[in-house]
Amino acid sequence: MKDWGYKIIAARQIDLDSNDLSMADYISRHEISFKWCIGCGSCSATCTAAQFTDFNPRKVNLLIQRGETDGLKNEISKCMMCGKCQIICPKGVNTRNIIHHIKRALSNVGSF
Amino acid sequence: MSKTKRIIIIGGGPAGMEAAGAFNHTDYQVTVLEKEKQIGGKLNTWYKLFPNFKSGTEVKEYLEETLKKGKASVLTNSEVVNISSDKNNHQITLKDGKTLTGEAILIATGFQPFEADRKEEYGYKIYDNVITSVDLERLFSSGKPILTSTGKVPERIGFIHCVGSRDKKSGNLYCSRVCCVTGVKQAIEIKQHLPEAKIFNFYMDLRMYGQDFEELYIEAQQKWGVTFIRGRVSEIGQNIDSTLQLKAEDTLLGRPLKMNFDLIVLLVGMVPTAGAEKLGCSASLEFTSGKFFRVMGKPVQTNESNIPGIFLTGTCKEPLSLQETLTDARAASAKLISYLKEMKED
Amino acid sequence: MASEGKKRIWEEYQKEIADDHYFYVRSCIRQTFFPGAETVFLNILRKDLGKDVFEDARHTTCTGIGYHSDIVPLDTIMTVIARHFALMTENGYKNFVPSCVTSFGLYTEVLETWKHFPEIENKIREFLWKATKREFNKPENLAHASDIIYKNREKIREKSKFLLQNSITGKPLNVVEHIGCHYAKMFPSSGVGGAEFPHVLSGMIESWGGEVIDYPERRHCCGFGFRNYLIKANRGYSVSNSKKKFESMQPYKPDFIVANCPGCSMFLDRWQYTIAEMEGITYGENGMGIPVLTFEEMAGLVLGYSPWELGLQMHQISVEPLLDKMGIPYREEEKYLGKNGRSLGQPQKPQFLIV
């Protein structure tokens, strides 16, 4: 195969027609408040892990909603379940339960 | 013996009608001039009103009843094209050349929706499945089923906020105030019609400023499952099967987003009624930067124009909701009454 | 799809295009990769339409290729452009017609800059004088070569020998039109039809019997940015953009693509080869590609110029399927023969793409 010196790049736009939204469905079935998030960022602002890593609970929630779950397993391991995000959320989202179900979904890959 | 003072109200929409009703217990001679063939203004178009889904027809009937109780004369098909003022004498000229004179004028010319085809990138009037919020409201009123141009039941419907508002390219920098809550209301209404449909609202900010507005938004999101995506829509294209391809930015993720829709609704903003600028110039009235009529001294003088004797009410001054328009009309009438009572006889 | 909305837009975005007496400047890419295109443009204007088109052999590249790669600074390119205006003035012309769309974009940009900042214009006049002792007048009219053909499309229709139709069934051909980004995206009022629904190529296609396809990625850039492909490692970006367009237009089964920018024509033609060899995917019928024409070549075919004289043998994607559809006669054995009948040599056949 000829070496072209360059490759065709995959588009980086979020394609909501082709993305797999099964994890978002799974989580909202088990935790209804998953869909109440308005992206205000209070959780990320107060997050302990966010102070020293690039973990961002607001982004994690949104990425799952859009079906962009690559690298999620690595990211979610940074959460220490301290619960500060749950205390501050103005919408009453049960963030700890969501993190719990994300971990569950990731460990039962293919069967959720 | 002073003669009866005459008030001319230009505009027979909600503002004009409520203002006229407020003069019912006075002795003034009130004439309402409406350019269309029926009064009611935009109230003839709205089906259910935010935030509590009150029927637009009910409000119109209330306004008509109030008018009937008084002695105001209502002339339809009477478009005003000129105002000439000379101290306490204001003469208006109609399109057919007839004139009327009054001691005070109340301008209630209202607004018209932004012409969405001017936002070329959204393809209104080019792609069949792109409609405006006004079109959707008419569709609700008609009772006809909501279908796409190919006759299928839409499964995915998109709402685009801020069409023609907050947009230098459209020529309107201001916020039209009521489109956000209209978008939330219509999203809920569509879900009530089509429970299986997936609705997406594309917004820059969600301006839920009024009482019960925020609660309506929470209801849309939590009860009806409407998805709100923060980001501007850059363009709409059409696929081979007449569905629409939408491109937007998901600003909270910082990445572009693309998805197909069966139907897209453009939430159009408010611009001053056609002809209002020409009319205002004939009277030497001042305008705001958005070309609405300018009031003299906010927050206190919100109904007085720069010409003594010419008052302003309703959406001809700025975008307002129906509720605010009715309140403003009553305020304008009160101001007009004290103006006339204090008027020195020539 | 309602066309009243489009007609309203086209009425709004009408620009002034000069009638005659043009000063023509050539394009680096078009001359090199589509040599017959500029010749046929001049022939059409001079012989078929009887216009006066003047070329000055002393004009150079507009240096847009250097400016867009951050090699040539803004002052330099403005001085080069000023020199071209000087050549135009010296030869007594007022209507400037560039062949390349990037050049057109640059000339528009520079004239706009000088309009808002006259002190810069004065500075450039000084630079030009110091460098070459030339002086210039700004052109009264600046139009792209495709605008001229657009303006004369009805006359071309009258003289046409072939139409953009299937010669047997009479059905209009499905045509994808691609407008160069620098044509109207920068200054919508400088393009016929504005930026969203440009009419310059649609008008030609409709006048000549074809049907224009509107596909979702119609407005998308083809990826030809000097910055994107001059360095080999960046070319992936270019190819990916073209690929996006091909995937989007394929369901409509276009018969050919026409572009007014020389770079776009080149890329849309060549990248089909690259994508075929890299991934084994082709977008035309029977494993071939979708033929790509420049607007001059399209006008030339309609007027009956011989395909090989137009230089269509230099295209990567074979145009023979299109010629067959239009009923244009050609002799395959003459394809690679030069003007004096000598063989030009034969290109290598690609592995996947059928030519």
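Each value, and the rule that gives it
- Residues numbered from 1 in each chain as written.
- Chains lettered and ligands numbered in written order.
- Predicted model: local features only at pLDDT ≥ 70, side-chain atom pairs only at ≥ 80, totals over all residues.
- Helix = DSSP H or I, 4+ residues; strand = E, 2+ residues; numbered from the N terminus.
- Buried ≥ 20, exposed ≤ 12 C-beta atoms within 10 Å, placed from the backbone.
- Contact = placed C-beta atoms within 7 Å.
- Pairing = 2+ DSSP bridges.
- Nonpolar A, V, L, I, M, F, W, Y, C, P; charged D, E, K, R; others polar.
- Core = buried A, V, L, I, M, F, W, Y, C linked by C-beta atoms within 7 Å.
- Domains from an automatic or database assignment.
- Expected span 1.5 Å × (residues − 1).

J.: Could you clarify how one ought to interpret the overall build of chain A in this entry?
T.: Check the secondary structure of chain A and you find 7 helices and 1 strand. Secondary structure elements in chain A, listed N-terminal to C-terminal, are β-α-α-α-α-α-α-α. Taken along the three principal axes of its C-alpha coordinates, chain A extends 55 × 30 × 25 Å. Here chain A, with 112 residues, has 30% of them falling under the buried criterion. Taking the contacts inside chain A whose residues are at least 6 apart along the sequence as the reference set, 68% of them involve residues at least 24 apart.

J.: Looking at this structure, how should I read the overall build of chain C?
T.: Each helix and strand in chain C was counted, giving 17 helices and 8 strands. Each of the three principal axes of chain C carries a C-alpha extent, and together these read 60 × 50 × 45 Å. Restricting to contacts in chain C with at least 6 residues of sequence separation, those with at least 24 account for 77%.

J.: How do you make sense of the sheet that holds strand 1 (residues 14-15) of chain A when you look at a structure like this?
T.: Spatially, the 4 strands line up as an open sheet ordered 1(A)-17(B)-16(B)-15(B), and their pairing is mixed. Among the strands making up the open sheet, the edge pair consists of strand 1 of chain A together with strand 15 (233-238) of chain B. Here strand 16 (residues 244-250) of chain B pairs with strand 17 (residues 255-261) of chain B via 7 bridges, running antiparallel. When the bridges of strand 17 of chain B are listed, D250 of chain B appears paired with R255 of chain B.

J.: Would you mind going over the interface of chain B and chain C with me for this structure?
T.: In this assembly, 14 residues from chain B lie in contact with 16 residues from chain C. In terms of residue count, the dominant contributor to the side of chain B that touches chain C is strand 15 of chain B (3 residues). Taken together, the residues of the side of chain B that touches chain C break down into 4 nonpolar, 4 polar and 6 charged.

J.: Which parts of the structure should I look at to understand the nonpolar core?
T.: The tendency in soluble globular proteins is for nonpolar side chains to be buried side by side. All names here are of chain C. One finds I81, V97, F256, I257, V258, L268 and V292 to be the most contacted residues of the largest nonpolar core, which totals 96 residues. Per element, the largest residue contribution to this core is 9 residues, and it comes from helix 5 (residues 74-90). Three or more residues apiece are contributed to this core by two domains, here domain 1 (19-145) and domain 2 (153-334). Once residues within four sequence positions are removed from consideration, F256 is found in contact with L173, V175, I290, P291, V292, L293 and L322.

J.: Mind showing me how you'd approach the interface of chain A and chain C here?
T.: For interface size, the figure often reported is the accessible area lost on association. In this complex, chain A contributes 8 residues to the contact, which on the side of chain C involves 12 residues. Looking at the side of chain A that touches chain C, its residues break down into 5 nonpolar, 1 polar and 2 charged.

J.: What am I meant to see in the environment of G345 of chain C here?
T.: Structurally, G345 of chain C can be placed in the segment after helix 17 (320-326). For G345 of chain C and K245 of chain C, which are 100 residues apart along the polypeptide, the C-alpha to C-alpha distance reads 32 Å.

J.: For this particular structure, what's the right way to read the domain arrangement of chain C?
T.: Residue and element names in this part refer to chain C. When the domains of chain C are assigned, the result is domain 1 (19-145) and domain 2 (153-334). The distance between the C-alpha centroids of domain 1 and domain 2 comes to 25 Å. Taken together, the 26 residues of domain 1 in the interface contact 29 residues of domain 2. Contributing elements (two or more residues each) for the side of domain 1 that touches domain 2: helix 2 (28-33), helix 3 (35-48) and helix 6 (101-116). Ranked by residues supplied to the side of domain 1 that touches domain 2, first place goes to helix 3 with 8 residues. Of the residues in the side of domain 1 that touches domain 2, the class split is 13 nonpolar, 8 polar and 5 charged.

J.: Can you walk me through helix 3 of chain C in this structure?
T.: All names here are of chain C. The end-to-end C-alpha separation of helix 3 is 19 Å, in line with the 20 Å expected for 14 residues at 1.5 Å each. Buried residues along helix 3 sit against helix 2, strand 2 (53-55), helix 8 (145-151), strand 8 (292-294), helix 15 (295-303) and helix 16 (307-310). One or two residues past the end of helix 3 sits G50, with phi positive at roughly 65°.

J.: Is there a simple way to think about the pairing of strand 15 of chain B in this case?
T.: Every other side chain in a regular strand lies on the same face of the sheet, so the side chains alternate between the two faces. Bridge count for strand 15 of chain B against strand 16 of chain B is 5 bridges, and the pairing is antiparallel. When the sheet's bridge partners are listed, V233 of chain B is paired in strand 16 of chain B with A248 of chain B.

J.: Please explain the pairing of strand 8 (residues 99-102) of chain B as it appears in this structure.
T.: Bridge count for strand 7 (residues 89-94) of chain B against strand 8 of chain B is 4 bridges, and the pairing is antiparallel. If you follow I92 of chain B over to strand 8 of chain B, its bridge partner there is L100 of chain B.

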